[in-house]
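Architecture and fold: a report
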Amino acid sequence: MTAIPVIVRSGLSGGETPIGSVRLLPHEIGIASAMFSSTYILHMGMHYERYVVSGYLPQFNAVQSIYSTAIPAANATTKTRAQSVTGNIGESIAALVARRKLNARRLADIQPLSVSSKKKTPDFRMKFRPMFPWSFQNATGINPPITFDFWPVESKAAQSDSVALNSVKSALLQLGTYWYERSYHEPDVVGFGIVVSFIYRGTKNDPKRCIRVHVFCPSNQTALQNEIADRIAASDDRTGFLTELGTENSAIRGYLRDVD
Amino acid sequence: MSTDISQSETDPSDHYALFHLALWAGDILTADRLLSEILGSTRLSSKSLEFAEDPIIAAAEHRRRQLQYRDTEYNSLCQAAGLPTAFSKPPKRLESKQGHLAGIVHCIDERTFEFRCYLTDLDWESSFYSQLASMSKSRTAFLELEHLEYGLKLEAKDLAQDTAETQVELETGLGIRFYQSDENVLSNIQASDFCTFQAQSIWFSQQPESADEILFHFEALLNEIDE
């Protein structure tokens, strides 16, 4: 009931590979959120239970007389979900998926990264073992040699598929910020990044939860590196770079796999 | 800008991970020390915070500023209220005898206390989870740990095809959660995927008579895990 399928997808629109499911218990979300999320919310586990688990549990006879997550908590409120709470859930999901599904086997493989409250940088750097696992190869159809040490990783939560896709598009810009800033020190990471997106409810017609691991890879890394180098040399035009990265069918997006 | 820490004996990645564990537990003195060790004499400008040469140094510096901001905010309020600003007595840090674990006790109410414990030696990660799984007496917990392989050395296995290939249909979870009780205290113990556990204990029969009684209870638990 609490197991959520995990699917690896190439970029925004490429191939998909299912990699099983993760069972997320409220207290596990609570601790992950306390460690990695940005908003100070206590009892996140209970929020998770009411926001996400609720509606997906059977009404066991044993607890029918008790007000619980199974019933009637799912429908006995007029209040909306708080964005900072769903944001916290989103920020904690990537770390759990990395540990359980992508073999981030040492704790130090997960490095929370936010470096500024103003700049939109990715939530984490992460090391997977191996760095380009079978599921990535299967979804992307490639097996590139990975020479960088850590993937930049952004973590998101959204109510439905369509909202999730928009948040992954904005997360791509956060990866772009990382590539731009790191291109001089770590050119090999340019074009590579992960966005973990947790769809926690789905729509009325398709009420399915899932976690998608979007794997971004360059289709022409040299061109992307040169594009960044030219913009840095000219006028340090990061804004222009990110604007173009966010524009569908732009030249810069053409240097990435499965984005348009 | 100096990033000498990456060449020193300490591994900044491990220190950075431990810093987050200590902060989560409320072990503020240790968190502060770890942050100082990561940063050394480094002080980054706001501009170079945006990643600099080493993102971990930049992230650590950002966290130092966040904590400093909170500290200043707290001190200003204390001053306005005519209260002492510094910690007169920080919370007691409990350490296991073997030295792999540490934790801080948090008061929830007069009969309920929460112990937040974390691994201080990341090389002991695998044993940490095995011990907790053993105490939980749950066969499922052991089976799930086998799949997760937390803290296991990788090397040759890592170079071969990864285990994800065998996990296509696998439901993964940690599921280490159990209860312990004696004549006066009931404890609910829950492990996380991030080298921590928390124990919430209720003194259901009689209120604890002293802070020492509470600390002794949790210290015993700590040593049971790290025996």
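Residues numbered from 1 in each chain as written. Chains lettered and ligands numbered in written order. Predicted model: local features only at pLDDT ≥ 70, side-chain atom pairs only at ≥ 80, totals over all residues.

What follows is about the overall build of chain A. The number of helices and strands found in chain A is 8 helices and 7 strands. For the C-alpha atoms alone, the extent of chain A along its principal axes is close to 70 × 35 × 35 Å. Within the span of chain A, comprising 260 residues, buried residues form 49% of the whole. Nonlocal contacts in chain A, meaning residues at least 24 apart in sequence, comprise 65% of its contacts between residues at least 6 apart. (Helix = DSSP H or I, 4+ residues; strand = E, 2+ residues; numbered from the N terminus. Buried ≥ 20, exposed ≤ 12 C-beta atoms within 10 Å, placed from the backbone. Contact = placed C-beta atoms within 7 Å.)

All names here are of chain B. If you trace the 6 strands from one edge of the open sheet to the other, you get S1-S2-S3-S7-S6-S5, paired in antiparallel fashion. Each having just a single partner strand, strand S1 (93-95) and strand S5 (177-181) make up the two edges of the open sheet. Sheet twist, expressed as the mean angle between neighbouring strand axes with direction ignored, is 25 degrees. Pairing of S5 with strand S6 (residues 185-191), which is carried by 5 bridges, proceeds in the antiparallel orientation. Bridge assignment links Ser181 to a residue of S6, and that residue is Leu186. Packing of helix H7 (residues 211-225) onto the sheet brings it into contact with S1, strand S2 (101-107), strand S3 (112-119), S6 and strand S7 (196-203), and relative to S2 it is tilted by some 150 degrees. (Pairing = 2+ DSSP bridges. Axes fitted to C-alpha atoms, helices over the stretch in contact; angles between N-to-C directions.)

Looking now at the environment of A:Leu242. Residues and elements named next belong to chain A. Mapped onto the elements, Leu242 comes out in helix H7 (residues 238-245). Sequence spacing of Leu242 and Leu172 is 70 residues, and the spatial spacing of their C-alpha atoms is 9.1 Å. Look past the residues within four positions of Leu242 in its chain and what remains in contact with it is Leu173, Gly176 and Thr177.

Looking now at the sheet that holds strand S3 (residues 110-112) of chain A. Ordered in space as S3(A)-S4(A)-S5(A)-S6(A)-S7(A)-S1(A)-S2(A)-S4(B), the 8 strands form an open sheet in which the pairing is mixed. For this open sheet the edge positions go to S3 of chain A together with strand S4 (171-172) of chain B, each flanked by a neighbour on one side alone. Across 3 bridges, the pairing between strand S4 (residues 124-126) of chain A and strand S5 (residues 151-158) of chain A is antiparallel. Each bridged residue has a counterpart across the sheet, and for A:Arg125 the counterpart in S5(A) is A:Pro152.

For the rest of this paragraph, the subject is the interface of chain B and chain A. Often, the extent of an interface is quoted as the loss of accessible area upon association of its parts. In this assembly, 43 residues from chain B lie in contact with 38 residues from chain A. Listed by contribution, the elements that provide at least two residues to the side of chain B that touches chain A are helix H1 (12-25), helix H3 (55-80) and S4 of chain B. Among the elements that take part in the side of chain B that touches chain A, H1(B) stands out by supplying 6 residues, more than any other. Split by residue class, the side of chain B that touches chain A holds 20 nonpolar, 12 polar and 11 charged. Relative to S4(B), strand S2 (residues 16-23) of chain A runs parallel, the two being bridged by 2 bridges. Within S4(B), the residue paired with A:Ser21 across the bridge is B:Glu171. (Nonpolar A, V, L, I, M, F, W, Y, C, P; charged D, E, K, R; others polar.)

Right, let's talk about the nonpolar core for a bit. The biggest cluster of nonpolar side chains holds 118 residues, and the ones touching the most others in it are A:Val97 and A:Val196. Element by element, the count of residues in this core is highest for H1(B), at 9 residues. With near-sequence residues (within four places) excluded, A:Val97 lies in contact with A:Val6, A:Val22, A:Leu102, A:Val196, A:Ile211 and A:Val213. (Core = buried A, V, L, I, M, F, W, Y, C linked by C-beta atoms within 7 Å.)

All names here are of chain A. Counted at 1.5 Å a residue, the expected span for helix H6 (residues 221-235) with its 15 residues is 21 Å, and the 22 Å between its end C-alpha atoms agrees. Listed as buried for H6 are Leu224, Glu227 and Ile228. Each buried residue of H6 sits inside an arc of 90 degrees when the element is viewed along its axis, so together they form one side. Along H6, exposed side chains directed more than 90 degrees from the buried face belong to Thr222, Asp230, Ala233 and Ala234. (Expected span 1.5 Å × (residues − 1). Arc of directions from axis to C-beta.)

Packed helices, taken two at a time, are described by their axes: the angle between them and the distance between them. Residue and element names in this part refer to chain A. Running from N to C, helix H1 (residues 26-36) and helix H2 (residues 44-53) point in directions that differ by 120 degrees, and their axes come no closer than 7 Å. In this view, H1 runs oblique relative to H2, as classed from their interaxial angle. Classified by chirality, the crossing of H2 by H1 is right-handed. Judged by residue contacts, Pro26, His27, Ile29, Gly30, Ser33 and Ala34 of H1 engage Met44, Gly45, Met46, Tyr48, Glu49 and Val53 from H2. Of the residues belonging to the contact of H1 with H2, the class tally is 7 nonpolar, 4 polar and 1 charged. (Parallel < 35°, antiparallel > 145°, perpendicular 65-115°, else oblique. Left-handed = near helix turned anticlockwise from the far one by under 90°.)

Residue and element names in this part refer to chain B. In a regular helix each residue adds 1.5 Å, so 12 residues correspond to 16 Å; helix H2 (residues 28-39) covers 16 Å between its end C-alpha atoms and thus fits that length. Within H2, the full set of buried residues consists of Thr30, Ala31, Leu34, Ile38 and Leu39. For H2, the buried positions fall inside an angular range of 160 degrees around the axis, keeping them on one side. Buried positions along H2 lie against H1, H3 and S1.

This part covers the pairing of S6(B). All names here are of chain B. The antiparallel pairing of S5 with S6 creates a hairpin that spans 3 residues between the two strands. Bridge count for S6 against S7 is 7 bridges, and the pairing is antiparallel. Residue Val185 lies in a different strand from S7, and its bridge partner there is Trp203. The hairpin formed by S6 and S7 contains 4 residues between the paired strands, and Cys195 there has a positive phi angle of roughly 60 degrees.

Residue and element names in this part refer to chain B. Per-residue pLDDT for chain B has a mean of 85; in total, 83% of the residues score no lower than 70. Taken together, the stretch residues 1-9 has pLDDT below 50 and engages in 18 contacts with residues farther than four places along the chain or on a different chain. Here the complex is predicted with pTM 0.90, and the ipTM for its interfaces comes to 0.89. (pLDDT = per-residue confidence, 0-100.)

In this section: the environment of A:Pro26. Residues and elements named next belong to chain A. In this structure, Pro26 sits in helix H1. In this structure Pro26 comes out as partly exposed when scored by C-beta crowding, with 19 C-beta atoms within 10 Å. Residues Pro26 and Trp134 lie 108 residues apart in sequence; the distance between their C-alpha atoms is 30 Å.

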